[in-house]
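# Residue-level structure breakdown
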Amino acid sequence: MSFSELMPLAPVMIVALTAIVVMILTAIKRNHNLIATATVVGLNLSVIYILMEMFGGHFVPANVMGMFMVDPFTMLYQLLILIAALACSTLSHAYIETYKSNREELYILLLTSVVGAMLMVSSSHYASFFISLELMSIPVYGLLAYTHQRARSLESGVKYLVLSATASAMLLMGMAYIYAYTGSLSFYDSVQALMQAIQQPMVIIGLGLIIFAIAFKLSLAPFHKWTPDVYAGAPAPMATFLATAAKVATIGLFVRYILTSGAILIESLVTIITIIAVLSILVGNLLAVRQVNLKRILGYSSISHFGYLLIALVSMTYVSLGSVSVYVITYVLTTIGAFGAVALMSSPYNNLDEAESLADYRGLFWRRPVLTATLTVMMLSLAGIPLTAGFIGKFLVVMAAVTTQHWFLAAMVIVGSGIGLYYYLRVMVVMYMTPPETPRIDADKHWGQKVGGLMVLGAAVLVLFLGIYPDPMIKLALQAEILSPIHFMLSQQ
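Everything in this summary refers to the structure shown in the same document. Each chain carries its own residue numbering, running from 1 in the written order of its sequence. Side-chain atom pairs in this predicted model are given and counted only at pLDDT of 80 or more, local residue features only at pLDDT of at least 70, and totals for whole chains, interfaces and linings cover all residues. Side-chain measures here rest on the full set of heavy atoms in the structure, leaving out hydrogens and waters.

## Notes on the packing of aromatic side chains
Defined as follows: Note on ring pairs: Phe, Tyr and Trp rings are taken, using the six-membered ring of Trp, and paired if centres are within 6.5 Å. Classes follow the plane angle, with under 30 degrees stacked, over 60 edge-to-face and the rest tilted. Runs of H or I in DSSP of at least four residues are treated as helices and runs of E of at least two as strands, each being numbered from the N terminus. Exposure is judged per residue with a 1.4 Å probe applied to protein chains only, and the accessible area is read against the type maximum: over 50% gives exposed, under 20% gives buried, and values in between give partly exposed.
Counted according to the given criterion, the structure contains 19 aromatic pairs. When the centroid spacing of 5.7 Å and the interplanar angle of 65° are considered together, the rings of Tyr-231 and Phe-339 count as edge-to-face. Linking Tyr-231 in helix α10 (residues 226-233) with Phe-339 in helix α14 (residues 318-345), this pair joins segments that are 108 residues apart in sequence. Each of the two residues, Tyr-231 as well as Phe-339, counts as buried. One aromatic cluster is present, formed by Tyr-126, Phe-129, Phe-187 and Tyr-257 through successive ring pairs.

## Considerations on empty space enclosed by the protein
Counted only if it meets this: Cavities and pockets are found on a 1 Å grid laid over the protein atoms alone: a cavity is a set of points where a 1.4 Å probe fits but cannot escape, a pocket is an open set with protein on both sides within 12 Å along at least five of seven lines, and a lining residue has an atom within 4 Å of such a point. Grid points are joined across faces, edges and corners, and a volume is the space filled by probe spheres set on the points.
In total, this model carries four cavities of 30 Å³ or more according to the counting rule given. Size it by volume and the largest cavity reaches roughly 60 Å³. If you trace the largest cavity, you find it lined by His-305, Tyr-327, Thr-330, Tyr-331, Thr-334, Ser-381, Leu-382, Gly-390 and Lys-394. Counting residues per element, the ones that place at least two in the lining of the largest cavity are α14, α16 (369-383) and α17 (389-403). Counting residues per element, the lining of the largest cavity draws most heavily on α14, which supplies four residues.

## With respect to helix α4 (residues 72-95)
Threshold: Helix span, as expected, comes to 1.5 Å for every residue beyond the first.
The terminal C-alpha atoms of α4, which comprises 24 residues, lie 35 Å apart, in line with the 34 Å expected from a rise of 1.5 Å per residue. Among the 24 residues that make up α4, 20 are buried, leaving the element largely enclosed by the rest of the structure.

## With respect to helix α5 (residues 105-120)
Between its terminal C-alpha atoms α5 stretches 23 Å, which fits the 22 Å expected from 16 residues at 1.5 Å a residue. Burial within α5 is extensive, with 13 of its 16 residues counted as buried.

## Regarding the nonpolar core
The condition that has to hold: Nonpolar core, defined: a set of buried Ala, Val, Leu, Ile, Met, Phe, Trp, Tyr and Cys residues in which side-chain atoms within 4.5 Å join the residues together. Whether two residues are in contact is decided by their heavy atoms: any pair within 4.5 Å suffices.
Counting 171 residues, the largest nonpolar core has Phe-129 and Tyr-361 as the members making the most contacts within it. Non-local contacts of Phe-129, meaning those with residues more than four positions away in its chain, are made with Ser-123, Leu-171, Met-175, Phe-187, Ile-210, Ile-214, Leu-253 and Tyr-257.

## A few points about the layout of surface pockets
Over the atoms a probe the size of a water molecule is rolled, and this reveals where empty space is left. The criterion, for reference: Each residue gets one label: Ala, Val, Leu, Ile, Met, Phe, Trp, Tyr, Cys and Pro are nonpolar, Asp, Glu, Lys and Arg are charged, and the others, such as Gly, are polar.
One number sums up the size of the second largest pocket: a volume of about 230 Å³. If you go around the second largest pocket, you meet 13 residues; those closest to its centre are Ile-83, Ile-329, Leu-333, Leu-466 and Leu-476. At the level of secondary structure, the elements contributing two or more residues to the lining of the second largest pocket comprise α3 (32-55), α4, α14, α19 (451-468) and α20 (471-479). Considering only residue class, the lining of the second largest pocket consists of 13 nonpolar, no polar and no charged.

## As for the environment of Ala-383
Structurally, the position occupied by Ala-383 is in helix α16. Distance from Ala-383 to Met-431, taken between C-alpha atoms, is 17 Å for residues 48 residues apart in sequence. Those residues in contact with Ala-383 that lie beyond four places of it in its chain are Lys-394, Ser-417, Leu-421 and Tyr-424.

## Quick look at the packing of helix α13 (residues 294-314) against α17
Convention followed: With axes taken as lines fitted to C-alpha atoms, and helix axes fitted only over the stretch in contact, angles between N-to-C directions fall between 0 and 180 degrees. Roughly parallel means an angle under 35 degrees; roughly antiparallel, over 145; roughly perpendicular, 65 to 115; everything else is oblique. In this scheme the handedness of a crossing depends on how the near helix is turned from the far one: anticlockwise by less than a right angle means left-handed, clockwise means right-handed.
Contact geometry of α13 with α17 gives a least axis separation of 8 Å together with a crossing angle of 40°. By the angle class used here, α13 and α17 are oblique. Every pair of crossing elements has a handedness; the one defined by α13 and α17 is left-handed. Taken together, the residues of α17 that come into contact with α13 (itself represented by His-305, Tyr-308, Ile-311 and Ala-312) are Lys-394, Val-397 and Ala-401. Class assignment of the residues belonging to the contact of α13 with α17 gives a composition of five nonpolar, one polar and one charged.

## Quick notes on the side chain of Thr-250
As for its position among the elements, Thr-250 is in helix α11 (residues 236-260). Ignoring sequence-local partners within four residues, the contact set of Thr-250 consists of Met-120, Met-136, Ile-214, Lys-217 and Leu-218.

This is the structure we're talking about:
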């Protein structure tokens, strides 16, 4: 294995080297600003490399070691993961600035998790599938429990640790069942064997276990119970990371797996995914209606959003893969803005607590009008209101379902969006109500001049811009194809 053969994974290597540099700098001298700057610089270098590859006109897809496929789909999803990681890094800097204990290790954990996430979306082998998933997940346990002086943060990390370990065990068992019958660990090599062995009960059980493990990582119903508790207890920037980078990596890996392994052609499996999608839409939206905690609302909301994504996936055509990618782009930008606003409002180390309850946002417009406008844009986008990026995402999902004549699934997207409109509008109404005389918690007076604030404002501008002029996003998503004979065959339908 020569260095030139590893070059397609250069963006991952840049982030890994950044993690090592940050570790060395921390060992030499603890300096929060220096470590945060080094982290952001490393992530930006990786972003620049990917953009040069995507738009330089000389990108050639490559199969690295038979375990990682670097194609346009990989590049787009790695870019989204890096953008989410940059947002979380900048939000974390202000959030833990006054944290009494060590702050620098947070960036090492973050970078290590990003390396795993970037490898996940390029995995084309069961071994790289599992190893990259664990490399992404294990640092997240520490990130969620990082502010362990807050009991809820520690509880959040422990809950995710226990339940995630269970999901990993299911995943390994599923892989073992499939390998026992197919004799191959590569997604691409096992297509024919999988098709021939599909009548074997153990193969169906194996595929089912893998889907259930991924459904846990995506917090799809009925594997969603951990989501609201973990989101509510986690530090706001880390909840942002879990809701964006970790979810993008998992959905990217899942899309590649079911398209390259041939699992999408198995009717019983498509039926299972469809049931999970419908349950996620109903459970996520109906449970969010009763919440008065904004982080729990966003947690339940994410369950329903990945239900919509699965509908685009089971309605798979050439256009449908583009619909999945567009929805992921809009979801990432909107979630960064929504959780980012919560992080900017939260000051847990200034003798206050996180801004979780809707009561904390009452009358926010009269104190912080720009922040209120930003959060309003995010709520409108999550609800799928026209002239926001969220509307474009939902419109393309409905179009994919209608194109394949999945009328019931198209109706479920509309019904789910209708229910969601209620609790998104409730958040907005609270912000414009008469403010209390002495607000319990408030954002920093100069929040918009900090890097985290600028990142949130940038996300809001992009959400509006892509809602009004979505052509660049749609073109980019359609170009992000997966190199797979199964995808080619579906694109001809």
